[in-house]
Amino acid sequence: MGIESIIPISQYEHVEQQNLIRILSEKPTIRNPLTSIVQNLLLRARFNTQRHYEIYAIDCTEDMDEAFWREQWEEHPQFTAELIRERGHKLYSDRIETHKVKIT
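Presented here is an overview of the structure given in this document.

Quick look at the packing of aromatic side chains
Now for step 1: Under the counting rule described, the total for this entry stands at one aromatic pair.
Now for step 2: The interplanar angle of 85° and the centroid separation of 5.2 Å between the aromatic rings of Phe 68 and Trp 69 together place this pair among those described as edge-to-face.
Now for step 3: Exposure remark for Phe 68: the relative accessible area of 27% places this residue in the partly exposed category.
Now for step 4: For the cation-ring pair, Arg 51 lies above Tyr 53, with the distance from its terminal atom to the ring centre recorded as 5.2 Å.

So, in structure tokens, the structure goes:
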């Protein structure tokens, strides 16, 4: 129920471009911290069967910071969840869709 974490990723967006320049300059590359963050979230979601996780990436403007999203979740939880599901990029979800019917 609700939001567990909000991770701004804009600070990691240019790591891959910097690595390309490092490769061309024959310098050692650095690991993008975002890779570890996403892998840890996905691992937790897959193996914590007591909860139903949904992990989304959302393209936001600068004024849509963590405080903005926490406020949205507090004031409009269902609308915010539906908005993120509709406009976000789903990385993982084990959400059970209630409107689907399985006939066997």
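Examining the environment of Ser 5
Now for step 1: Within the secondary structure, Ser 5 sits in the segment before helix H1 (15-24).
Now for step 2: Sequence-wise, Ser 5 and Ile 55 are 50 residues apart; in three dimensions their C-alpha atoms are separated by 9.7 Å.
Now for step 3: Residues contacting Ser 5, with those up to four places away along its chain left out, are Leu 41 and Arg 70.

Quick look at the pattern of salt bridges
Now for step 1: Tallying each qualifying case throughout the model produces five salt bridges.
Now for step 2: Among the salt bridges present, the one from Arg 70 reaches Glu 66, with a minimum N-O distance of 3.2 Å. With Arg 70 and Glu 66 both in helix H3 (residues 66-75), this residue pair falls four residues apart, about one helical turn.
Now for step 3: Overall, Arg 70 belongs to the partly exposed group, its relative accessible area being 33%.
Now for step 4: A salt bridge links Arg 87 to Glu 86; the nearest nitrogen and oxygen atoms lie 4.0 Å apart. Exposure class is identical for Arg 87 and Glu 86. Each is exposed.

A look at helix H2 (residues 33-47)
Now for step 1: With 15 residues, H2 should reach 21 Å at 1.5 Å per residue; the first-to-last C-alpha distance of 22 Å fits that figure.
Now for step 2: For H2, the elements touching its buried residues are strand S1 (54-57) and strand S2 (89-93).

A few points about unusual backbone geometry
Now for step 1: Phi is positive for Glu 26, close to 60°, though the residue is something other than glycine.
Now for step 2: Its location among the elements puts Glu 26 in the loop between H1 and H2.
Now for step 3: With relative accessibility at 76%, the residue Glu 26 sits in the exposed group.

Quick look at the side chain of Asn 32
Now for step 1: When you line up the elements, Asn 32 lands in the loop between H1 and H2.
Now for step 2: A relative accessible area of 7% means that Asn 32 is categorised as buried.
Now for step 3: Among the polar contacts made by the side chain of Asn 32, one reaches the main-chain carbonyl oxygen of Tyr 12 at a distance of 3.5 Å.
Now for step 4: In terms of polar contacts, Asn 32 uses its side chain to reach the backbone amide nitrogen of Leu 34, at 3.0 Å.
Now for step 5: What Asn 32 contacts, discounting residues up to four positions off in sequence, is Tyr 12, Val 15 and Glu 16.

Cut-offs and rules
- Residues numbered from 1 in each chain as written.
- Predicted model: local features only at pLDDT ≥ 70, side-chain atom pairs only at ≥ 80, totals over all residues.
- Heavy atoms only, no water.
- Phe/Tyr/Trp six-rings, centres within 6.5 Å; stacked < 30°, edge-to-face > 60°.
- Buried < 20%, exposed > 50% of the residue type's maximum accessible area, 1.4 Å probe, protein only.
- Lys NZ or Arg CZ within 6 Å of the ring centre and 35° of its normal.
- Helix = DSSP H or I, 4+ residues; strand = E, 2+ residues; numbered from the N terminus.
- Contact = heavy atoms within 4.5 Å.
- Salt bridge = Lys/Arg side-chain N within 4 Å of Asp/Glu carboxyl O.
- Expected span 1.5 Å × (residues − 1).
- Polar contact = N/O pair within 3.5 Å; in protein donor to acceptor, adjacent residues only side chain to side chain.

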